[in-house]
Amino acid sequence: MSSVLLAEDEFLIRAVLVDALSDVGVECIEAATGREALDVLQSDTPLGVVIVDIGLPDMSGEKVIEAAALHRPGLPIIRCSGASAPSTLPAGITMHSFPKPYSASELSNFVVSLIRKSA
């Protein structure tokens, strides 16, 4: 099964989600900053899904989502946010939204369904 890029700066949230993804057989590449996520997106690392927290410490997660859409067209993107602010992404970027707080198991099962659809 494909790897998932998880761009999330909060260690505990990241750890819980990595465990939940592992439980459903998905390997997780962790990025605690937007820069780390961009490095993975610009590499040749195979990815099945990108999960992006909007509140990253060094840049908006929306910049990471824009980069994902540019460098990995067609790759499923999940936007996670605790804020109720609407997305400011340009039209044409397809993504799924998961509001915080979310269930790690629900998100993990959703990730698996996205990977299966794109396989």
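Look up a bit, the structure's there.
Residues numbered from 1 in each chain as written. Predicted model: local features only at pLDDT ≥ 70, side-chain atom pairs only at ≥ 80, totals over all residues. Heavy atoms only, no water.

1. Considering helix H1 (residues 11-23)
The end-to-end C-alpha separation of H1 is 18 Å, in line with the 18 Å expected for 13 residues at 1.5 Å each. Those residues of H1 not exposed but buried are Arg 14, Leu 17, Val 18, Ala 20 and Leu 21. Looking straight down H1, one finds that the buried residues subtend no more than 165 degrees of arc, so they occupy a single side. Opposite the buried face of H1, by more than 90 degrees, sit the exposed residues Phe 11, Leu 12, Val 16 and Asp 23. Residues of H1 that are buried sit in contact with strand E1 (4-7), strand E2 (28-31), strand E3 (49-53) and helix H4 (104-118). The first or second residue beyond H1 is Gly 25, which carries a positive phi of 85 degrees. (Helix = DSSP H or I, 4+ residues; strand = E, 2+ residues; numbered from the N terminus. Expected span 1.5 Å × (residues − 1). Buried < 20%, exposed > 50% of the residue type's maximum accessible area, 1.4 Å probe, protein only. Arc of directions from axis to C-beta. Contact = heavy atoms within 4.5 Å.)

2. Considering helix H3 (residues 61-71)
Given 3.6 residues per helical turn, the α-helix brings residues three or four places apart onto the same face. Within H3, the full set of buried residues consists of Gly 61, Glu 62, Val 64, Ile 65, Ala 67 and Ala 68. Packing partners of the buried residues in H3 comprise helix H2 (34-41), E3 and strand E4 (77-81). Regarding H3, its N-cap is Ser 60, as a side-chain oxygen of that residue lies 3.0 Å from the backbone nitrogen of Glu 62 further along. (Polar contact = N/O pair within 3.5 Å; in protein donor to acceptor, adjacent residues only side chain to side chain.)

3. Digging into the pattern of salt bridges
A complete count under the given rule lists 5 salt bridges for this structure. A salt bridge links Arg 14 to Glu 30; the nearest nitrogen and oxygen atoms lie 2.9 Å apart. Here Arg 14 is found in helix H1, whereas its partner Glu 30 is found in strand E2, with 16 residues between them in sequence. A relative accessible area of 10% places Arg 14 in the buried class. Counted as one network, the salt bridges with shared partners bring together Glu 8, Asp 53 and Lys 100. (Salt bridge = Lys/Arg side-chain N within 4 Å of Asp/Glu carboxyl O.)

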